[in-house]
Amino acid sequence: MADTIVESSYSVLLPEEVRPHIVVGQRYAVTVGADGELVLTPIDQRPLSEVIDDILHRTAGLWRNREDVPSDGVEYVNQLRLSRRLNDLTDS
């Protein structure tokens, strides 16, 4: 939990531990939670398709530049399915 003071102009100085989570220039919706806490929620002004693309690019980065995974994800999944079927045949 971070401790700060609301000034008379309703300005709040964000504590150091909170600052890495805040983007300067980003718009935030401010709501009051059930327990009276203030909740900052980023308002993304980009089209939803761009937001989704960004999320997918971040998670796909886990698999980027690997020698054992083809660059075409569809081909990779097809190989997995084929291997599974072959294993099923050899196990029976």
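Okay, so let's go over this structure. (Residues numbered from 1 in each chain as written. Predicted model: local features only at pLDDT ≥ 70, side-chain atom pairs only at ≥ 80, totals over all residues. Heavy atoms only, no water.)

1. A few points about the overall build of the protein chain
Which entries qualify depends on this criterion: Put simply, DSSP marks the helices as runs of H or I at least four residues long and the strands as runs of E at least two long, and each gets a number from the N terminus on. Here's how the labels work: a residue is buried when its accessible area is under 20% of the maximum for its type, exposed when over 50%, partly exposed in between, all with a 1.4 Å probe on protein chains only. Two residues form a contact once any of their heavy atoms are found within 4.5 Å. The Shrake-Rupley method, run with a 1.4 Å probe, gives the accessible areas here. Residue values count only the displayed protein chains as cover.
In terms of regular secondary structure, the protein chain is built from two helices and two strands. Mapped in sequence order, the helices and strands of the protein chain form the string β-β-α-α. Out of the 92 residues in the protein chain, the part that is buried amounts to 4%. Looking at the protein chain alone, contacts between residues at least 24 apart form 0% of all its contacts between residues at least 6 apart. Surface exposure of the protein chain reaches about 8,500 Å², of which carbon and sulfur atoms provide 57%.

2. Quick look at the pairing of strand 2 (residues 38-43)
Put simply, the rule reads: Here, strands pair whenever DSSP counts at least two bridges between them.
Sheet topology note: the strand 1 (residues 27-32)/strand 2 ladder contains six bridges and is antiparallel. The partner of R27 across the bridge, within strand 2, is I43. Remark: five residues form the turn of the hairpin made by strand 1 and strand 2, two consecutive strands paired antiparallel; G36 in that turn has positive phi of roughly 90 degrees.

3. A short note on the pattern of salt bridges
Counted only if it meets this: Whenever Lys or Arg places a side-chain nitrogen within 4 Å of a carboxyl oxygen from Asp or Glu, that contact is recorded as a salt bridge.
Applying the stated rule across the entire model yields one salt bridge. Linking R19 and E16 is a salt bridge whose minimum nitrogen-to-oxygen distance equals 2.8 Å.

4. Looking at unusual backbone geometry
A positive phi angle is found at Y10, which is not glycine, with a value near 65 degrees. Here Y10 is to be found in the segment before strand 1.

5. Brief notes about a nonpolar patch on the surface
What counts is decided by this rule: Grouping into patches uses exposed residues only, defined as over 30% relative accessible area, and leaves out salt-bridged ones; the cut-off is 9 Å for like charges and 5 Å for nonpolar side chains (Val, Leu, Ile, Met, Phe, Trp, Tyr).
The grouping of V30, V32, L38 and L40 at the surface amounts to a nonpolar patch, some 410 Å² of accessible area in total. Put simply, the parts of the chain that give the nonpolar patch at least two residues each are strand 1 and strand 2. Considering the arrangement of structural elements, one finds V30 in strand 1. Judged by its relative accessible area of 53%, V30 falls in the exposed class.

What is shown is where atoms sit, not what they do.
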